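# Per-entry structural report
Residue-level listing of the chains:
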2 protein chains.
Amino acid sequence: MPRWVYGFGNGSADGDAGMQALLGGKGANLAEMDRLGLPVPPGFTITTDVCHWYYRNGRSYPPGLIGQVRDSLARLEAATGRGFGDPLHPLLVSVRSGSRASMPGMLDTVLNLGLSDATVDGLAREAGDERFAWDSYRRFIQMYADVVLGVDHDAFEEELESYKDEAGYLLDTDLSASDLATLVDRFKEIVAEATDRPFPQDPGEQLWGAIGAVFGSWLNPRAVTYRRLHNIPDDWGTAVSVQAMVFGNMGTTSATGVAFTRNPSTGERALYGEFLINAQGEDVVSGLRTPQYLTRSGAAAAGSDAPSLEQLMPELFAEFRAICDRLERHYRDMQDVEFTIERGRLFMLQTRGGKRTAEAALRIAVEMADEGLILPDDAVARIEPASLDQLLHPTLDECAPRDVIAAGLPASPGAAAGRIAFTAEEAERLRSEGHDVILARTETSPEDIHGMHAAAGVLTTRGGMTSHAAVVARGMGKPCVAGVGSIRIDPKARTLKASGRVFGDGDTITIDGTTGQVMAGLVPMREPELSGAFATLMGWADEIRRMKVRANAETPSEARAARAFGADGIGLCRTEHMFFDDGRILPMREMILAETEEGRRAALAKLLPMQRRDFTELFEIMHGRPVTIRLLDPPFHEFLPQDPAEIDTVAATLGLEPERLAERLKALSEFNPMLGHRGCRLLISYPEVAEMQARAIFEAALIAGRSTGAPIIPEIMVPLVAARAELDFLKARIDAVAAAVMAETGRRFRYQVGTMIELPRACLMAREIAESAEFFSFGTNDLTQTTFGISRDDAGGFLQHYGQKGILKFDPFVTLDRGGVGELVETGVARGRMARPDIKLGICGEHGGDPDSIDFCEELGLDYVSCSPFRVPIARLSAAQATLRRRAR
Amino acid sequence: MPRWVYGFGNGSADGDAGMQALLGGKGANLAEMDRLGLPVPPGFTITTDVCHWYYRNGRSYPPGLIGQVRDSLARLEAATGRGFGDPLHPLLVSVRSGSRASMPGMLDTVLNLGLSDATVDGLAREAGDERFAWDSYRRFIQMYADVVLGVDHDAFEEELESYKDEAGYLLDTDLSASDLATLVDRFKEIVAEATDRPFPQDPGEQLWGAIGAVFGSWLNPRAVTYRRLHNIPDDWGTAVSVQAMVFGNMGTTSATGVAFTRNPSTGERALYGEFLINAQGEDVVSGLRTPQYLTRSGAAAAGSDAPSLEQLMPELFAEFRAICDRLERHYRDMQDVEFTIERGRLFMLQTRGGKRTAEAALRIAVEMADEGLILPDDAVARIEPASLDQLLHPTLDECAPRDVIAAGLPASPGAAAGRIAFTAEEAERLRSEGHDVILARTETSPEDIHGMHAAAGVLTTRGGMTSHAAVVARGMGKPCVAGVGSIRIDPKARTLKASGRVFGDGDTITIDGTTGQVMAGLVPMREPELSGAFATLMGWADEIRRMKVRANAETPSEARAARAFGADGIGLCRTEHMFFDDGRILPMREMILAETEEGRRAALAKLLPMQRRDFTELFEIMHGRPVTIRLLDPPFHEFLPQDPAEIDTVAATLGLEPERLAERLKALSEFNPMLGHRGCRLLISYPEVAEMQARAIFEAALIAGRSTGAPIIPEIMVPLVAARAELDFLKARIDAVAAAVMAETGRRFRYQVGTMIELPRACLMAREIAESAEFFSFGTNDLTQTTFGISRDDAGGFLQHYGQKGILKFDPFVTLDRGGVGELVETGVARGRMARPDIKLGICGEHGGDPDSIDFCEELGLDYVSCSPFRVPIARLSAAQATLRRRAR
């Protein structure tokens, strides 16, 4: 008989922290804390295997489960000295979900289970508080009806409000025990009416109902969406933990709270958290009451007058702090814990690795390594490379004027500006229209996730640092300002009121998630500084990584950014970008419209000095680091005007008849430009273009080599090769130009000629091509387009349907498709090395900045990846992690 | 020391017919005839190895060659009893090229070499004919100066004409021996003036000059062009044969001629040839004199009054006929021979496999098999599949009125019509503008080949059945009418005069190469009948071949043609073609422009009965044979109007605002439609389209199954699949429709769902895809486009440059690129079989009708190829040959 249930409590847990796949994060960590001897209310966990069985067998349970739960329940009764359904000493339990990955708020939870007409008095007697007992029973009916029975919770809220109106009460706290008892009756009637059955009084029936609801919630739509956004596999499933209730709402010696062992926003090494006196856990997380700070320093930093737990309950606080320290040392990571104090007794309800901002993650990792808690390699391994994106986002320009209209909690750092969206749907729509968006909500709920995903930043008027909006925004790396009480949002009127001003549709605001400020209009932003923990960690990463990281850059400012971000060179300089500038587009067009080679050469002669200047500057900035320059790639028609008015202007400038120009335009237009007369095909038709570019490159290399004292070995890259003969034809021309420049200048220099491998045929023919090519740079953007037969420009329409229908699980233009495109790259690498074992290999598609794709490049043993300057740090870290992963094997 | 020279003569040749690669066709066959004891003038052949050496070593000769030539010359002197340069008994030789493949007229030849001031008298004495000797010397100087010394031959023609004017002569024959001696002096002066050196008198110098000229002619432009058009590798090289001269111009007992052992036009088993009394070989081939027929029956059939050789020299004719019979039996093939009679003595100068029309090739092969000369397998193996094209060309409708303006020789069968082109350049231009063209020339020369290639047919006013125009046209499979003496062509005035009428630019004429008729205007044509030898041979081919041959067909007329051409089924029915008809395009557009699924379904309901009718008719015509139907493939915008006027009309018809339609058009337009929203991507977005089509197919299969009594198992093909999930999504829809149709009709039926494999990724993922697909059809058109990254629609511009620059040696859209695309197909086949060992595999790109590609399909063991109906016979024959080739291994 398989084991379906694992118990914990009294230091003798069956499971441990290593069993997250089977027990879920919550269940495994409860077991671990129990093993550590920490005060954990006893309970048991039903495994994820049961979840798998449940879905594979028409939502039924495996044989043996019922017996195992019965036995576990009996042990729980023994451990607590209570009885399930016992009128004198009733056992109450919480029933919670728990997956391998944290999915905050996505799955269902039921508290106070076990309460019934028969047990409520027993609870009242034991607690010495009749009102508490009836309030707990009321809450239980409401929660159970909503989660398990599917009764709309609005019905209960309305009943509560109308009862208060009848009685002339203003606050919930005005309700007496007997009021609550009456409400319980009314609530039971609502349930009976909605479900045609009385509210279940048997605690066993209650329990199985709650277990079924938790398993069933695994496939609810918002959980499915959350998993899709976070790449959590659907087949992981959830476990169910059943745990004896402890109550933070048994009066003023009771409390409940959450804490991070270090600051999750900044990474500062200081206990950081919030609590509420006389409350249940859900009250803290929901953001409905504004909580107090745990520590004196935390309260002081936030300017809060409310007393801290450190002040109110110093001994309990000391016990709690010691537990936190122990957990952090034990897990060797910052922990996110939940606790409850029941009448002066501390209970730990949860611990897990805490979500944190990228800034915090970096600081924590680096400081833990400095503290000797982990190794530098561990620090490098545990930073999510994509999260660096947050650090590389702009911050507000400190010198720029700010029209501050409100301030709230700095819930997730970074600055963002955009149009106000009042609903998630609106945020998505505005984003799809190309606008940056700030999602402004009273508070957010799991239903808002897709809107938060679309938004550049999030603003809420209620809730604290651990509210839904704050936690999710930090996870997404989006700026968030939470709990801005001075702002009034009216989603129906579509207005946002602050400081007596009204903002609405089309208005732009700026938020600063680092300070909590909200500003009218667009405030200018500044590039981030990359020092401190960031620099330390990147230094460690650079020591570890085997692959070089280059940048795709063509302008001087891009090249400078590449250097600032730590690029080892330029992997892709797209020369065509240099021809769109004013002053260049004209000779470029002259060249294209010339009817003879002579005419083209005359126009190219005008472009030569400009290209030479471009390359000289680039070489000087890169100061001897390798620079790969791709010869002209796009089809000619991209350089010509398209709309009639512009055609007339251009014709006049060039002294041509507009008809003649229109005719030429028509002749150059293509059905499928992506597959047309471009790349090496164009250069083979007009080799004089390649000759001009080669000359500019060689002459620039000589100039920059002299001015910097760092000799340049330029790498000239021929694009879109499908057959070796194409490369050979152009290589001969390039070699001839090199010989001519050497003869003219009397100086010898080295250079390399290689090719983009960006067509399936080039991968297959790589052996032949490598006989001529000194390097390969895999152009995985075009290779993905041709391998899939998908035009990226046109794919929006159907790739969206593919996502919705689950046909493609990933976007192959973001993450390299290992099965298809990856096999071609692998083939290209292997065959290239057959002909030239020391061939230099790199990748320059956008995949060069994607961590998963970089891991694949390491697997293939490429020499470098090249990506946009902005993603260079991500690539450096990813490359280091890829090296570590290989070492671990 | 390698052997560079091979001798022949007196029955003791060093070489034989198997050594064509080394000795060229001419040299090898001269050796073979010598071995057979036939009367061959003695000589020797310098091998193609010397040619290779010559080009690899800066046009120099290998060591040892000079000595070997000297020795061979000495043996030749001994065999003939003459001396090279001997004033009394001068040895004269011809120096001819000879490659492995016949390249008629492309390479250079020098005759009468050895004549000089010192030897001309000796020749005169020996021949007893002073005029003959001086005329030979004159011709030699002229030919040698042209071929070896590069002196423009016009200078000699002008000198000859002006001499005749001075002397008051009309004809060349008016010139006496002393006139010719004077002309020889003047010719030598022309040479001396043009070359700054006297005409070479030393026969050794003459010989080496001629040898160099022949080797040099291998790379002359027209030879290079010819080889490119005929796929002859440049590195084959030519041999040089040096042979003792015999003279057909030594008076009326001398003659020269050419013959085919069977009729090269019709294949009839009858000696067929022409000769001229008192002439040299070049006179017959050049077409300048109209020759006489060899046989009595040949003369009678042509209505010629001139006596035949059979009548004039019956004994010699009998000897010749016996030699021809012997050669045919020996070579087991129809021979093309050249002979000369020198004063009553017969010499064989050449034999080779004779070029023939496709009709003749078929008849000869089938009759030789019937005669027991070869096996039926040999007959099948030796027909060039592409040549069947000729037989499948239309012939003139016998019932149509003909405005016959002239008649000439039926030089190459088949009928053609087109605009008149007076030059090769014009023919190319008109063709490129989309016109059919008839190239009309006085006579053609090798310089005209590109024009003949562009033309639909060729017309000449001079020359016979073996003239350049006739031979080349037959080789190309183009209709040709030659020697139409009654037509006058004036290329300068750009007129063609016949029967007192004048035709010029823009006028269309029709020629019938089977009868020799020339007609004004366009005469209606008829489909060919495929019976007789054709049917016999195809029957043999069908017995041999392993692969099935299907047709790509969608209309009833195409399907009927497919059956007529012997297709085993339909391999590709492109359903979109059915939506362009009147009456369908409107609901199709309604469907595309609908904003809801409901609206689309309403429009599809209108299309359903039409599609059902289409498929029913197709199934009925195919009568139980397999039919693969591809679901809708092209992007929606292809069905919408493009120009503004049409947009207005369509908008009015559909009751839409033109702006609304224009907007929708814009939304649907794509940058790269080839890689866009089409194929399964479109069907996944709008699965109702696939459902309608599946329903139409199933219902039609039931109807046609009942009406024909031949049950149909329709094959439904999903296009453009890149991932298994795409196919799965649509297969589920198709299966659901099948279940619904079965439920509605109460009848069960079988069907298959498979996919086009036309993207590189589909080949790589074939194992996964084959888990769902019951068949694969390789769509090699799109696969070639994506593998090369070349849009076929846009490739014209640069593939042409590629051809000129030798970068691509073949057109990958005609012949499957084995190295690149072929490897992907091979991968797809192997992986598909891993998942489903019995998966049905076919190919449906245009390569399905290309012999070389079909051979590759046999190599992969595909089940079938599918091609256009017209190419089905070619595919049947190619498939049989591929099977034979595999057996031979």
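Residue positions are given per chain, counting from 1 as you read along its sequence in written order. To label them, take the chains in the order written and letter them from A, then take the ligands in the order written and number them from 1. Per-residue local features of the predicted model are confined to residues with pLDDT of at least 70, and side-chain atom pairs are confined, for both listing and counting, to 80 or more; whole-chain, interface and lining totals are unaffected and use all residues. Excluding hydrogens and water, the side-chain values take into account all heavy atoms of the structure.

By the naming in an unreviewed UniProt entry, chain A is Pyruvate, phosphate dikinase, taken from Methylobrevis albus. According to UniProt, the comment filed for chain A under the heading Function (unreviewed entry) is "Catalyzes the reversible phosphorylation of pyruvate and phosphate." UniProt positions are given in the numbering used here, feature names are shortened, and annotations may be inferred rather than shown by experiment.

Glancing now at the overall build of chain A. When you go through chain A residue by residue, the secondary structure sums to 35 helices and 31 strands. The principal-axis extents of the C-alpha atoms in chain A amount to approximately 105 × 60 × 50 Å. In this description, contact between two residues means that some pair of their heavy atoms is separated by no more than 4.5 Å. Within chain A, contacts between residues at least 6 apart in sequence are counted, and of these 68% link residues at least 24 apart. Areas reported here follow the Shrake-Rupley algorithm with a probe of radius 1.4 Å; residue values treat only the protein chains shown as occluding. Of the roughly 34,300 Å² that chain A leaves accessible, carbon and sulfur atoms contribute 50%. Between the averaged position of the 95 positive side-chain charges in chain A and that of its 125 negative side-chain charges there is a distance of 6 Å. Think of it this way: any DSSP run of H or I at least four residues long counts as a helix, any run of E at least two long counts as a strand, and we number them from the N terminus. This count recognises Lys and Arg as positive and Asp and Glu as negative, with His and chain-terminal groups excluded. Charge coordinates come from a single atom per side chain, which is NZ of Lys, CZ of Arg, CG of Asp or CD of Glu.

Moving on, we get to the interface of chain A and chain B. Between chain A and chain B, the residue contacts involve 41 residues of the former and 41 residues of the latter. Buried area: the accessible surface (1.4 Å probe) lost by two parts on joining, summed over both. Carbon and sulfur atoms make up 60% of the area that chain A and chain B hide from each other, which totals about 3,900 Å². By the criterion of area lost to chain B, the three top residues of chain A are Asn672(A), Leu675(A) and Arg761(A), representing 16% of everything that side buries. Whenever Lys or Arg places a side-chain nitrogen within 4 Å of a carboxyl oxygen from Asp or Glu, that contact is recorded as a salt bridge. Counting across the chain A and chain B interface gives four salt bridges. Here Asp817(B) and Arg761(A) are joined by a salt bridge, their closest N and O atoms 2.7 Å apart. Secondary-structure elements contributing two or more residues to the side of chain A that touches chain B are helix H26 (680-685), helix H28 (724-745), helix H29 (760-764), helix H31 (780-788), helix H32 (796-804) and helix H33 (818-835) of chain A. In terms of residue count, the dominant contributor to the side of chain A that touches chain B is H33(A) (five residues).

The subject of this paragraph is the relation of the copies chain A and chain B. The two copies are related by a screw motion: chain A maps onto chain B through a turn of 180 degrees and a shift of 0.4 Å along the axis, at an RMSD of 0.3 Å. Here the transformation between the copies is reduced to the relation of a two-fold axis. Of all interface residues in chain A, 100% are interface residues in chain B too; the two copies therefore contact each other through one and the same surface. Superposition of the copies was done by least squares, using only C-alpha atoms of residues whose pLDDT is at least 70 in both.

Time to look at unusual backbone geometry. Positioned with a positive phi, Asp196(B) is a non-glycine residue whose angle comes to about 65 degrees. Secondary-structure assignment places Asp196(B) in the loop between helix H7 (177-195) and helix H8 (203-217).

This paragraph deals with the nonpolar core. Counting residues in each nonpolar core, the largest one holds 316 residues, and the members touching the most others are Phe619(A), Phe698(A), Phe776(A), Phe619(B), Phe698(B) and Phe776(B). Grouped together as the second largest cluster of nonpolar side chains are 59 residues, Tyr137(B), Val147(B), Phe187(B) and Val214(B) included. The nonpolar core is taken to be a set of buried Ala, Val, Leu, Ile, Met, Phe, Trp, Tyr and Cys residues, with the residues joined through side-chain atoms within 4.5 Å. Summary of the burial criterion: residues with accessible area below 20% of their type's maximum are buried, those above 50% are exposed, and those between are partly exposed, where the area comes from a 1.4 Å probe applied to protein chains only.

Residues and elements named next belong to chain B. Mapped onto the fold, Thr266 is located in the loop between strand S6 (255-260) and strand S7 (272-277). Once the C-alpha coordinates of Thr266 and Thr357 are considered, the two residues, 91 residues apart in sequence, prove to be 7.3 Å apart. When sequence neighbours within four positions are dropped, the list of residues in contact with Thr266 reads Glu359, Ala360 and Arg363.

As a further point, take the packing of aromatic side chains. When two rings of Phe, Tyr or Trp (its six-membered ring) have centres within 6.5 Å they constitute a pair, described as stacked for plane angles under 30 degrees, edge-to-face for angles over 60, and tilted for the intermediate range. Inspection of the entire model under this criterion finds 40 aromatic pairs over all chains. Looking at Arg100(A), its charged tip hangs above the ring of Trp236(A), at a distance of 4.1 Å from the centre. Placement of a positive charge over a ring is assigned whenever Lys NZ or Arg CZ falls within 6 Å of the ring centre and within 35 degrees of the normal to the ring plane.

All names here are of chain A. Within the UniProt annotation, "domain: Pyruvate phosphate dikinase AMP/ATP-binding" (unreviewed entry) is assigned to residues 21-57, 68-296 and 317-371. Helix makes up 65% of residues 21-57 and strand makes up 11%, while its end C-alpha atoms are separated by 20 Å. The span residues 317-371 shows a helical share of 51% and a strand share of 31%, and its end C-alpha atoms are spaced 24 Å apart.

Moving on to the side chain of Thr119(B). Assignment of secondary structure puts Thr119(B) in the loop between strand S4 (109-113) and helix H4 (120-127). For the purposes of these results, a polar contact is taken to be a pair of N or O atoms within 3.5 Å, where, inside protein, one atom must be able to donate a hydrogen and its partner to accept one; residues adjacent in sequence count only when each atom of the pair is a side-chain atom. Here the side chain of Thr119(B) touches Gly114(B) through a polar contact of 3.0 Å, landing on its backbone oxygen.

All names here are of chain A. Paired strands are those between which DSSP finds at least two bridges. Ordered in space as S24-S25-S26-S27-S28-S29-S30-S31, the eight strands form a closed barrel in which the pairing is parallel. Going across the sheet, the axis of each strand differs from the next one's by a mean of 25 degrees, ignoring polarity. Where strand S26 (residues 627-630) lies against strand S27 (residues 715-718), three bridges are found, and the strand directions are parallel. By the bridge assignment for S27, Thr628 is matched with Glu715. H33 rests against strand S29 (775-778) and strand S30 (840-843) of the sheet, and its axis sits at about 180 degrees to S29. The convention used is that axes are lines fitted to C-alpha atoms, helices contributing only their stretch in contact, and that angles between N-to-C directions extend from 0 to 180 degrees.

Once that is clear, we can look at the pattern of salt bridges. A side chain of one charge can pair with a side chain of the opposite charge when the charged atoms of the two come close. Residues and elements named next belong to chain A. Per the counting criterion, the structure on display carries 124 salt bridges over all chains. Among the salt bridges present, the one from Lys188 reaches Asp117, with a minimum N-O distance of 2.7 Å. On the criterion of sequence distance, the pair formed by Lys188 in helix H7 (residues 177-195) and Asp117 in the loop between strand S4 (109-113) and helix H4 (120-127) is long-range, its members being 71 residues apart. On the basis of relative accessible area, Lys188 is assigned to the buried category, the value being 16%. Assessed through its relative accessible area of 37%, Asp117 is described here as partly exposed. Members of the salt-bridge network, linked through shared partners, are Arg818, Asp852, Asp855, Glu859, Arg885 and Arg886.

A word on the packing of helix H5 (residues 130-147) of chain B against H7(B). Residue and element names in this part refer to chain B. Two numbers describe how H5 lies on H7: the axes approach to 8 Å, and their chain directions differ by 20 degrees. In this view, H5 runs roughly parallel relative to H7, as classed from their interaxial angle. Considering only the axes of H5 and H7, their crossing is left-handed. Only Ala177, Leu180, Ala181, Leu183, Val184, Phe187, Lys188 and Val191 of H7 make contact with H5, whose side of the interface consists of Glu130, Arg131, Trp134, Asp135, Tyr137, Arg138, Ile141, Gln142 and Ala145. In the scheme used here, Gly and all other residues not listed as nonpolar or charged are polar, with Ala, Val, Leu, Ile, Met, Phe, Trp, Tyr, Cys and Pro taken as nonpolar and Asp, Glu, Lys and Arg as charged. Each residue belonging to the contact of H5 with H7 can be placed in one class, and the counts come to eleven nonpolar, one polar and five charged. Small angles under 35 degrees read as roughly parallel and large ones over 145 as roughly antiparallel, with 65 to 115 read as roughly perpendicular and the rest as oblique. Here a crossing is taken to be left-handed if its near helix is turned anticlockwise relative to the far helix by less than a right angle, and right-handed if that turn runs clockwise.

Right, let's get into the pairing of strand S25 (residues 570-574) of chain A. All names here are of chain A. Counting buried residues in S25 gives four out of five residues, a clear majority hidden from the surface. Bridge count for strand S24 (residues 548-552) against S25 is two bridges, and the pairing is parallel. By the bridge assignment, Ala551 is partnered in S25 with Ile570. With three bridges joining them, S25 and S26 adopt parallel strand pairing. If you follow Ile570 over to S26, its bridge partner there is Val627.

Residues and elements named next belong to chain B. For the pair helix H27 (residues 687-708) and helix H28 (residues 724-745), interaxial distance at closest approach is 9 Å and the crossing angle is 40 degrees. By the angle between their directions, the pair H27 and H28 is classed as oblique. When the axes of H27 and H28 are compared, the crossing they make is right-handed. Facing H27, whose interface residues are Pro687, Ala690, Glu691, Ala694, Arg695, Phe698, Glu699 and Leu702, H28 presents Phe729, Leu730, Arg733, Ile734, Val737, Ala738, Ala740, Val741, Glu744 and Thr745.

Per-residue pLDDT for chain A averages 91, and the proportion of residues at 70 or more is 98%. Here the complex is predicted with pTM 0.79, and the ipTM for its interfaces comes to 0.78. Confidence scores labelled pLDDT are given residue by residue by the predictor and lie between 0 and 100.

Glancing now at the sheet that holds strand S24 (residues 548-552) of chain B. Taken together, eight strands build a closed barrel; the order of strands is S24-S25-S26-S27-S28-S29-S30-S31 (chain B) and the barrel is parallel. Taken pair by pair, the neighbouring strands of this sheet meet at an average axis angle of 25 degrees, ignoring direction.

Residues and elements named next belong to chain A. Patches draw on residues past 30% relative accessible area with no salt bridge. Two like charges within 9 Å are joined, as are two nonpolar side chains (Val, Leu, Ile, Met, Phe, Trp, Tyr) within 5 Å. Taken together, the side chains of Asp146, Asp152, Asp154, Glu157 and Glu158 define an acidic patch exposed on the protein surface. The element that contributes the greatest number of residues to the negative patch is helix H6 (residues 153-167), accounting for three residues. Residue classification places Glu157 among the partly exposed positions, given a relative accessible area of 36%.

With that out of the way, let us pick up the UniProt feature "active site" (unreviewed entry) in chain A. Residues and elements named next belong to chain A. In the numbering used here, UniProt assigns the feature "active site" (unreviewed entry) to His468 and Cys844. A maximum C-alpha distance of 38.7 Å among these annotated residues, which run over 377 residues, shows that they spread across the structure rather than meeting at one spot. Mapped onto the elements, Cys844 comes out in the loop between S30 and helix H34 (851-860). Those residues in contact with Cys844 that lie beyond four places of it in its chain are Asn552, Gly571, Leu572, Met756, Ser777, Phe778, Gly779 and Ser866.

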